[in-house]
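# Structural characterization, general
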Amino acid sequence: MVTVFLNVIRTEKLLGLWKGVSPSFARCVPGVGLYFSSFFSLKQRFFSERGPSALESVCLGAGARTVAGVCMLPVTVVKTRFESGRYSYSSVSGALLSMYRTEGLRSLFSGLTATLLRDAPFSGIYVMFYTQSKKNLPPELVSAPCAPLLNFSCGIFAGVLASLVTQPADVVKTRVQVSPGKFGGTKEAIVYIFRTDGVRGFFRGAVPRCLRRTLMAAMAWTVYEQLMAKMGLKS
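## Things to note about the overall build of the protein chain
Looking only at helices and strands, one finds nine helices and zero strands in the protein chain. For the protein chain, the N- to C-terminal ordering of α and β elements is α-α-α-α-α-α-α-α-α. Counting every position in the protein chain, which comprises 235 residues, the buried fraction comes to 41%. Split by element, the accessible area of the protein chain, about 13000 Å² in all, is 67% carbon and sulfur.

## What to know about helix α9 (residues 206-230)
Relative to the 36 Å expected for 25 residues at 1.5 Å per residue, α9 spans 36 Å between its end C-alpha atoms, a close match to the ideal helical length. Among all positions in α9, only A206, R209, C210, R213, T214, A217, A218, W221, T222, Y224, E225 and M228 are buried. Among the residues trailing α9, G232 stands out with phi positive, at a value near 75°.

## Examining the side chain of S133
By the secondary structure assignment, S133 is in helix α5 (residues 112-135). Take S133: its relative accessible area is 15%, and that puts it in the buried class. Discounting chain neighbours no more than four positions away, the residues touching S133 are C154 and F157.

## Describing the pattern of salt bridges
Think of it this way: side chains of opposite charge can pair up when their charged atoms draw near. Under the counting rule described, the total for this entry stands at eight salt bridges. Between R50 and E56 there is a salt bridge; the shortest N-O distance is 2.9 Å. Taking the relative accessible area as the measure of exposure, R50 reaches 44% and is therefore partly exposed. The shortest N-O distance in the salt bridge between D170 and R209 comes to 3.4 Å. Of this pair, D170 sits in helix α7 (residues 147-178) while R209 sits in helix α9, placing them 39 residues apart in sequence. Here R209 falls in the buried class, since its relative accessible area comes to 5%. Here the residues in one salt-bridge network are R118, D119, D170, R209 and R213, joined through shared partners.

## A closer look at a nonpolar patch on the surface
Taken together, the side chains of V70, Y100, L105 and F109 present a nonpolar region at the surface, about 370 Å² in accessible area. Note on placement: Y100 falls in helix α4 (residues 92-103). Judged by relative accessible area, which is 48%, Y100 ranks as partly exposed.

## Describing the packing of aromatic side chains
With the rule as written, the count across this model stands at 13 aromatic pairs. Seen in terms of ring centroids, F36 and Y224 are 4.4 Å apart; in terms of plane orientation they differ by 15°. Their pairing is stacked. Here the residue F36 occupies a position in helix α2 (residues 21-46), and Y224 occupies one in helix α9, the gap between them amounting to 188 residues. Among the residues examined, Y224 registers a relative accessible area of 8% and is labelled buried. Relative to Y130, the ring of Y126 lies with its centre 6.0 Å away and its plane at 10°, an arrangement referred to as stacked. In this pair, Y126 and Y130 are both assigned in helix α5, four residues apart and thus about one turn of the helix distant. Cluster of aromatic residues (ring-pair linked, three or more members): Y35, F36, F39, F122, Y126, Y130, W221 and Y224. The residue whose ring lies beneath R45 is F46, and the NZ or CZ to ring-centre distance is 5.1 Å. One cation-aromatic arrangement involves R65 over Y35; the distance from NZ or CZ to the ring centre is 4.3 Å.

About the criteria used
Residues numbered from 1 in each chain as written. Predicted model: local features only at pLDDT ≥ 70, side-chain atom pairs only at ≥ 80, totals over all residues. Heavy atoms only, no water. Helix = DSSP H or I, 4+ residues; strand = E, 2+ residues; numbered from the N terminus. Buried < 20%, exposed > 50% of the residue type's maximum accessible area, 1.4 Å probe, protein only. Areas by Shrake-Rupley, 256 points an atom, 1.4 Å probe, with all protein chains shown as cover. Expected span 1.5 Å × (residues − 1). Contact = heavy atoms within 4.5 Å. Salt bridge = Lys/Arg side-chain N within 4 Å of Asp/Glu carboxyl O. Patch = residues over 30% accessible without salt bridge, like charges linked within 9 Å, V, L, I, M, F, W, Y side chains within 5 Å. Phe/Tyr/Trp six-rings, centres within 6.5 Å; stacked < 30°, edge-to-face > 60°. Lys NZ or Arg CZ within 6 Å of the ring centre and 35° of its normal.

Shown next, in the form of structure tokens:
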């Protein structure tokens, strides 16, 4: 990871580390809103009287992420292409329009299967580990001043485990979205990665992805928990 970090600075200067920041904002901000609103709605609908079990937490997180993932997939594709450095789009809207005109509507949803195979299990596993780890905390600490720090710590723990489990799907998703003409679908990408790089190829980039997703998820859940507490709602 350090080698890649230094190479980006050397070839693209410091700003290269922020490549794709516009589509990231366009994806993350509404995506997080969609995810937590879907999560809260599903939880209120099915678990208003009791807390979900471990398996139910997996289904709850996966369901909420599926809704957000499908809605935000076109922007996710643009973000992936921005970061690859292979495309020279000037803006998010320009990229979406260009893809629609040259590659058709289908290109905006390329990698849908791989994306859902990555995001839905990640969110489901994350919610399961997050809720289960919080249940094991002493009750007096849940409402203590250090509660945000404890929530963040539980989020880090859950994020690391969920990231490692879903890393192969992330690699496949990226290959499909960056090179849509090269692969006919998710299956072809899986076979290609295995033949060229072996099992190790499915875990390429695991460290930076783990750091990014874990920190993002932990911060988002910490803010969500605090906002729900301030509004007097049960998270």
